[in-house]
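Descriptive analysis of the structure
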Amino acid sequence: MSITKREFGKLESGEEVSVYQIKNESGAYIEVTDYGAILRCICVPDKDGNLQDVVLGYDKLEQYFVNGCYFGSTIGRNGNRIAGGKVPVNGQVYQMPQNENENNLHSGPDGYEKQLWKVKEVSEEENAVTFTRMSPDKEQGLPGNFEVAVTYQFTGDNEVKIHYQGVSDQDTLVNMTNHSYFNLSGHQSGTVADQYLCMRSEEFTPVIDSKSIPTGEYAKVADTPMDFRTEKKIGQDVDADYEQLKMTGGYDHNFMLMDYQPGKVRSVAKAYAPDTEIVMEVLTDTPAVQFYSGNFVEREEGKNNAVYTKRSGFCLETQFEPDAVNQKNFHSPILKAGEKYDSTTIYRFSVKKD
Ligand code: BGC
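Residues numbered from 1 in each chain as written. Predicted model: local features only at pLDDT ≥ 70, side-chain atom pairs only at ≥ 80, totals over all residues. Heavy atoms only, no water.

Some details on the layout of surface pockets
Selection criterion: Cavity means a closed set of points on a 1 Å grid over the protein atoms alone, one where a 1.4 Å probe fits but cannot get out, pocket means an open set with protein on both sides within 12 Å along at least 5 of 7 lines, and lining means a residue has an atom within 4 Å of a point. Grid points are joined across faces, edges and corners, and a volume is the space filled by probe spheres set on the points. Numbering of helices and strands starts at the N terminus; helices are DSSP runs of H or I of at least 4 residues and strands are runs of E of at least 2. Classification used: nonpolar for Ala, Val, Leu, Ile, Met, Phe, Trp, Tyr, Cys and Pro, charged for Asp, Glu, Lys and Arg, polar for all others including Gly.
Roughly 300 Å³ of volume is contained in the largest pocket. Lining the largest pocket are 17 residues, with Tyr-260, Phe-320, Tyr-341, Asp-342 and Ser-343 sitting closest to its centre. Those elements that provide at least two residues to the lining of the largest pocket are β28 (334-335) and β29 (340-351). Looking at the lining of the largest pocket residue by residue, the class counts come to nine nonpolar, four polar and four charged.

A few points about the pattern of salt bridges
Oppositely charged side chains can form a pair if their charged atoms are brought close together. Just so we agree on the cut-off: Basic side-chain nitrogens of Lys or Arg form a salt bridge, by our definition, when they fall within 4 Å of a carboxyl oxygen of Asp or Glu. A simple rule labels every residue: compare its accessible area, found with a 1.4 Å probe on the protein chains alone, to the largest value its type can have, and call it buried under 20%, exposed over 50%, or partly exposed in between.
For the structure on display, the rule yields 20 salt bridges. Of the charged contacts, one joins Arg-40 and Glu-31 as a salt bridge, the two residues approaching to 3.1 Å between their closest N and O atoms. Residue classification places Arg-40 among the buried positions, given a relative accessible area of 8%. In this structure, Asp-237 engages Lys-232 in a salt bridge whose closest nitrogen and oxygen atoms are separated by 2.8 Å. One exposure class covers both Asp-237 and Lys-232, and it is buried. Linked through salt bridges whose partners overlap, the residues forming this network are Arg-6, Glu-31, Arg-40 and Asp-59.

Overview of empty space enclosed by the protein
Summed over all chains, the structure comprises two cavities of 30 Å³ or more. Size it by volume and the largest cavity reaches roughly 40 Å³. Around the largest cavity sit 13 residues that line it, and Asn-78, Asn-175, Glu-321, Asp-323 and Ala-324 are the ones nearest its centre. Taken as a whole, the second largest cavity encloses approximately 30 Å³ of empty space. As for the second largest cavity, its lining consists of Arg-81, Thr-205, Val-207, Ser-212, Asp-252, His-253, Asn-254, Gln-290 and Pro-322. For the lining of the second largest cavity, the element with the highest residue contribution is strand β21 (residues 252-256), accounting for three residues.

A look at the sheet that holds strand β5 (residues 51-53)
How we decide: Paired strands are those between which DSSP finds at least two bridges. To obtain an axis, a line is fitted to C-alpha atoms, over the contacting stretch when the element is a helix, and the angle between two such axes runs from 0 to 180 degrees between their N-to-C directions.
The strand order across the open sheet built from five strands is β1-β2-β3-β4-β5, with neighbouring strands paired in antiparallel fashion. Edge positions in the sheet fall to β1 (2-10) and β5, since each has one partner strand and no second. This sheet shows a mean twist of 20 degrees between the axes of neighbouring strands, independent of strand direction.

Examining the site of the ligand
Where we set the bar: Working definition: residue near molecule or strand if any one of its non-hydrogen atoms lies within 4 Å of it. The term polar contact refers here to a pair of N or O atoms within 3.5 Å; inside protein, the definition further demands a hydrogen-donor-capable atom paired with an acceptor-capable atom, and it admits residues adjacent in sequence only when both atoms are side-chain atoms. All accessible-area figures derive from a Shrake-Rupley calculation using a 1.4 Å probe, and residue coverage is judged against the displayed protein chains alone.
In the vicinity of the ligand, the contacting residues are Cys-69, Tyr-70, Arg-81, Leu-105, His-106, His-179, Tyr-181, Asp-252, Gln-290, Tyr-292, Phe-296 and Glu-317. Contact distances for the ligand include 2.7 Å between an oxygen atom and a side-chain N or O atom of His-179. In the environment of the ligand, an oxygen atom lies 2.7 Å from a nitrogen or oxygen atom belonging to the side chain of Glu-317. With the chains in place, 95% of the 310 Å² that the ligand exposes on its own is no longer accessible.

Regarding the side chain of Asp-53
Applicable threshold: Throughout, a contact is declared for two residues whenever any of their heavy atoms are within 4.5 Å.
Relative to the elements of secondary structure, Asp-53 occurs in strand β5. Polar side-chain contacts of Asp-53 include one of 3.3 Å to the backbone nitrogen of Ile-42. A polar contact of 2.8 Å, which involves the side chain of Asp-53, links it to the side chain of Lys-303. When sequence neighbours within four positions are dropped, the list of residues in contact with Asp-53 reads Cys-41, Ile-42, Cys-43, Asn-183, Gly-186, His-187 and Lys-303.

Topic: the environment of Tyr-94
Considering the arrangement of structural elements, one finds Tyr-94 in strand β9 (residues 92-95). Assessed through its relative accessible area of 11%, Tyr-94 is described here as buried. Distance in space between the C-alpha atoms of Tyr-94 and Thr-132 is 24 Å, their sequence separation being 38 residues. When residues no more than four places from it in sequence are discounted, the contact partners of Tyr-94 are Gly-85, Lys-86, Val-87, Val-89, Lys-138, Gly-141 and Pro-143.

Some words on the pairing of strand β2 (residues 16-23)
Burial of β2 is extensive: six of the eight residues sit out of reach of the surface. The turn joining β1 and β2, which pair antiparallel and follow one another in sequence, is formed by five residues; a positive phi near 95 degrees is taken by Gly-14. Across five bridges, the pairing between β2 and strand β3 (residues 29-33) is antiparallel. Counterpart to Lys-23 in the pairing with β3 is Tyr-29.

Focus on the nonpolar core
Most often, soluble globular proteins keep nonpolar side chains buried together rather than apart. Note the following rule: We call a set of buried Ala, Val, Leu, Ile, Met, Phe, Trp, Tyr and Cys residues a nonpolar core when their side-chain atoms join them within 4.5 Å.
By size, the foremost hydrophobic cluster in this structure holds 57 residues, and its most contacted members are Ile-42, Phe-291, Phe-314, Leu-316 and Phe-349. Sorting elements by how many residues they give to this core places strand β13 (residues 146-154) first, with five residues. Excluding residues within four positions of it along the chain, Phe-349 makes contact with Ile-42, Val-44, Val-54, Asp-157, Asn-158, Val-160, Phe-182, Leu-184, Ile-278, Val-279 and Met-280. Ranked by size, the runner-up nonpolar core spans 18 residues in total, among them Val-19, Phe-71, Tyr-181 and Ala-306.

Quick look at unusual backbone geometry
Following Gly-76, the chain continues into Arg-77 via a peptide bond in cis, with omega recorded as -5 degrees. Within the element layout of this structure, Arg-77 appears in the loop between β6 (74-75) and β7 (81-82). Of note, the phi angle at Lys-138 is positive, near 80 degrees, even though the residue is not glycine. Take Lys-138: it is sitting in the loop between β12 (128-135) and β13. In this structure, Gln-140 is a non-glycine residue whose phi angle is positive, near 60 degrees.

No statement about biological role is implied by the geometric values presented.
The structure is reproduced here in structure tokens:
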């Protein structure tokens with residue numbers, strides 16, 4: 001286990017940005033940066049023991065200043081969409097930026113992925129790096145000073161553990177997620193259509209229209225292209241003649257995860273690439289996950305001269321339902337003043353065993 005730090009570049013203010021490489025005994029490693037608490041790469045062994053980098057990302061810090069697709073981003077204070085950017089808390093309505101149509105997406109232009117975080121701890125013992133920042137009252141329009149930390153740990157079992165912790169001095173909205181795009185054949189390998197996905201989900205949250213605000217209902221996945229209860233290729237039904245998929249240009253929906261109990265981490269999804277035989281299992285304590293099949297990636301110059309386009313990666317963003325703060329059927333994403341926000345998501349990598 002080892003953690004090494006290198007320079008990634010500078011902000012316009014002159015502040016230095018670093019990359020931390022967190023390696024385990026096998027030589028597999030991840031890289032994270034204090035700019036945006038972004039996960040820049042995950043290099044894990046394939047069936048031949050060669051390391052494959054299985055997430056999309058950039059080589060240059062300047063590219064992360066733009067990062068319109070949110071590669072590897074820590075999204076906060078709120079992941080996903082809020083109708084009209086309006087957040088009611090204790091009878092008062094707070095206005096978030098309207099950065100996508102009239103709605104808020106991923107907290108707007110001042111998202112956590114665009115901030116320089118402090119490095120709170122580099123733990124050789126845990127093989128982990130903890131980033132922290134104070135998100136001030138009214139940042140993104142939200143109430144409360146929110147002291148937040150994100151820990152990335154890379155274990156000897158090739159698990160990437162992401163642990164979010166925080167506390168606010170006022171009741172507020174908190175729904176953090178990571179926006180990594182996975183490609184289990186390697187980030188440079190093109191479409192993920194032939195990769196398999198299975199999710200422990202019987203229901204999803206349909207959207208009203210192409211602006212992707214949920215109707216507020218839960219719909220059964222059975223007998224629809226949204227059914228991933230047994231593994232199937234991401235590309236199998238992605239272009240099906242099914243209204244929900246046509247509106248969003250492919251999968252871009254929130255799936256309810258079975259056996260939700262606050263604070264309990266359970267296995268919720270598994271993905272697999274037949275060529276590399278790399279398997280990724282997702283474990284989390286959140287009630288839902290946004291499965292996004294990279295529909296809007298247009299042309300991005302990625303790491304090592306890779307070019308990413310539509311469906312070069314898929315996201316499994318663990319979270320509360322979109323717009324949950326405005327939907328009484330959904331799980332409440334409100335964090336009470338003084339209470340601890342604590343959420344864990346694990347992406348566990350292995351090679352398929354027959
Ligand atoms: C959203 C997509 C969006 C993507 C990048 C995902 O979480 O659901 O609609 O295009 O993030 O912003």
